[in-house]
Amino acid sequence: MSAHNEAKMGDIAETILLPGDPLRAKYIADNFLEDVVCYNKVRNMLGFTGTYKGKRISVQGTGMGIPSISIYAHELITQYGVKNLIRIGTCGSFNEDVHVRDVILAMTSCTDSGINKNLFRGMDYSPCADFGMLSDAHKAATEQGVNIRVGSTLSSDIFYHDLENNPEPFKIWADYGVLAVEMEATALYTIAARNKAKALAILTVSDHILTGEATSAEERQTTLHTMIKIGLETAIRQ
Ligand SMILES: O=P(O)(O)O[C@H]1O[C@H](CO)[C@@H](O)[C@H]1O
Ligand SMILES: O=c1cc[nH]c(=O)[nH]1
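From a predicted model like this one, the values you see are computed outputs, not experimental measurements. (Residues numbered from 1 in each chain as written. Chains lettered and ligands numbered in written order. Predicted model: local features only at pLDDT ≥ 70, side-chain atom pairs only at ≥ 80, totals over all residues. Heavy atoms only, no water.)

For the rest of this paragraph, the subject is the packing of aromatic side chains. By the definition in use, this model includes three aromatic pairs. Geometrically, the ring pair formed by Phe94 and Phe170 is stacked, given 4.9 Å between the ring centres and 5 degrees between the ring planes. Of this pair, Phe94 sits in the loop between strand E5 (84-93) and strand E6 (103-111) while Phe170 sits in the loop between strand E7 (149-155) and helix H5 (171-175), and the two are 76 residues apart along the sequence. Take Phe170: its relative accessible area is 9%, and that puts it in the buried class. The interplanar angle of 10 degrees and the centroid separation of 4.5 Å between the aromatic rings of Phe120 and Tyr125 together place this pair among those described as stacked. (Phe/Tyr/Trp six-rings, centres within 6.5 Å; stacked < 30°, edge-to-face > 60°. Helix = DSSP H or I, 4+ residues; strand = E, 2+ residues; numbered from the N terminus. Buried < 20%, exposed > 50% of the residue type's maximum accessible area, 1.4 Å probe, protein only.)

At Arg101, a residue that is not glycine, the phi angle is positive and equals roughly 90 degrees. Locating Arg101 in the fold gives a position in the loop between E5 and E6.

In this section: the environment of Leu76. Within the element layout of this structure, Leu76 appears in helix H2 (residues 66-80). With a relative accessible area of 0%, Leu76 lands in the buried category. With residues near it in sequence (within four places) discarded, Leu76 still touches Asn5, Ile12, Ile16, Leu18, Tyr39, Gln60, Gly81 and Val82. (Contact = heavy atoms within 4.5 Å.)

Turning our attention to the site of ligand 1. As a matter of local geometry, ligand 1 sits amid Gly20, Arg24, Met64, Arg87, Gly89, Thr90, Phe159, Glu182, Met183 and Glu184. With respect to ligand 1, the backbone of Gly20 contributes an N or O atom lying 2.9 Å from an oxygen atom. One nitrogen or oxygen atom from the side chain of Arg24 is found 2.7 Å from an oxygen atom belonging to ligand 1. One can see that ligand 1 is located within the largest pocket. (Near = heavy atom within 4 Å. Polar contact = N/O pair within 3.5 Å; in protein donor to acceptor, adjacent residues only side chain to side chain. 1 Å grid on protein atoms, 1.4 Å probe; cavity = no way out; pocket = protein on both sides within 12 Å on 5 of 7 lines; lining within 4 Å. Sits in = over half its atoms within 2 Å of the grid points.)

Right, let's talk about the layout of surface pockets for a bit. Considered as a void within the structure, the largest pocket measures approximately 910 Å³ in volume. Surrounding the largest pocket, 32 residues form its lining, Cys91, Gly92, Phe159, Val181 and Asp207 being those nearest its centre. Per-element accounting of the lining of the largest pocket gives the leading share, five residues, to E5. Tallied by class, the residues present in the lining of the largest pocket amount to 16 nonpolar, seven polar and nine charged. Of the volumes computed, that of the second largest pocket is approximately 200 Å³. Surrounding the second largest pocket, 13 residues form its lining, Thr111, Asn116, Lys117, Asp124 and Tyr125 being those nearest its centre. Broken down by secondary-structure element, the contributors of at least two residues to the lining of the second largest pocket are E6 and helix H3 (115-119). Here the element with the most residues in the lining of the second largest pocket is E6; it accounts for three residues. For the lining of the second largest pocket, the class distribution of residues is five nonpolar, six polar and two charged. (Points joined across faces, edges and corners; volume = space filled by probe spheres on them. Nonpolar A, V, L, I, M, F, W, Y, C, P; charged D, E, K, R; others polar.)

A separate point is the packing of H2 against helix H6 (residues 185-194). Geometrically, a packed helix pair is captured by the angle between its two axes and the distance between the axes. One can describe the packing of H2 onto H6 by two numbers: an axis separation of 9 Å at closest approach and a directional angle of 25 degrees. When the interaxial angle is binned, H2 and H6 end up roughly parallel. Viewed along their axes, H2 and H6 form a crossing whose handedness is right-handed. Across the interface between the two elements, Ile66, Ile69, Ser70, Ala73, His74 and Ile77 of H2 pack against Thr186, Ala187, Leu188, Ile191 and Ala192 of H6. (Axes fitted to C-alpha atoms, helices over the stretch in contact; angles between N-to-C directions. Parallel < 35°, antiparallel > 145°, perpendicular 65-115°, else oblique. Left-handed = near helix turned anticlockwise from the far one by under 90°.)

Scanning the entire structure with this criterion turns up 10 salt bridges. A salt bridge links Asp30 to Lys26, with the shortest nitrogen-to-oxygen separation between them at 2.8 Å. Remark: Lys26 and Asp30 occur in helix H1 (residues 22-32); sequence separation between them is four residues, near one turn of the helix. Owing to a relative accessible area of 34%, Lys26 belongs among the partly exposed residues under this scheme. The shortest N-O distance in the salt bridge between Arg87 and Glu184 comes to 2.8 Å. (Salt bridge = Lys/Arg side-chain N within 4 Å of Asp/Glu carboxyl O.)

Helix length check: H2, at 15 residues, gives a terminal C-alpha distance of 20 Å against a target of 21 Å (1.5 Å per residue), a fit within 8%. Remark: Gly81 follows H2 within two positions and exhibits a positive phi of approximately 70 degrees. (Expected span 1.5 Å × (residues − 1).)

Our next topic: the site of ligand 2. Taken together, Thr90, Cys91, Gly92, Phe159, Val181, Glu182, Met183, Ser206, Asp207 and Ile209 make up all the residues around ligand 2. A distance of 3.3 Å separates a nitrogen atom of ligand 2 from a polar atom in the backbone of Gly92. At 2.8 Å from a nitrogen atom of ligand 2 is found a side-chain nitrogen or oxygen belonging to Asp207. Here ligand 2 loses 86% of its free accessible area of 230 Å² to cover by the protein chains. The set of elements that each furnish at least two residues to the shell around ligand 2 consists of E5, strand E8 (180-182) and strand E9 (198-208). Top element by residues in the shell around ligand 2 is E5. It accounts for three residues. Class assignment of the residues belonging to the shell around ligand 2 gives a composition of five nonpolar, three polar and two charged. (Areas by Shrake-Rupley, 256 points an atom, 1.4 Å probe, with all protein chains shown as cover.)

Put into structure tokens, the structure is as follows:
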């Protein structure tokens, strides 16, 4: 038992999928895993362990934003022995050529958060995905016929911007080739690196910040299925 998780040691698999939304964790457990046991209900941050193609896999919500995923990732790795962490999240595009429904592997994660500036005493750290996992996910996507994008993404602390004072909040990131914005990968990669665990963020573009286009509820389910399958196929290769 940890401060935010009622699981007992051994309840959680070494490889875990981490959606932000705990109900997405339940959806994955209900629809993709077999022999499922729910190990956590603390704060409704649901966690489940089951099997996928015979391999033991867990799936747990992490909440939204860097502080929330930091708590869960830290406890999963340091108190439950989790070794392979695969975030499966949604993101927003601010590039004309990154489209709603695209799936992205975050090779590295920029941030506007102060978390690593604090940790590294003002110096810059480049949080990056585990290369083996990234390569496995790329292969899994290719096998599924998914034309997956690979590149840098942004973990932002801000979801709602003050557009009156800052009308183009993402322009500088787009100008430097950053593909999309979400809110957690920087922390996941940093915490995994510190604790010698492996991490990867797989992201589906759920909305386009420039055009206002967004996936419908039904479409979101289909596109999330693509990402979930890539996540699970990556998980069983660990
Ligand atoms: O879909 P999830 O995994 O929650 O990820 C994205 O969605 C949330 C914002 O709506 C943030 O957590 C962001 O990172
Ligand atoms: O963090 C996020 C996630 C999805 N869409 C966004 O615009 N931002």
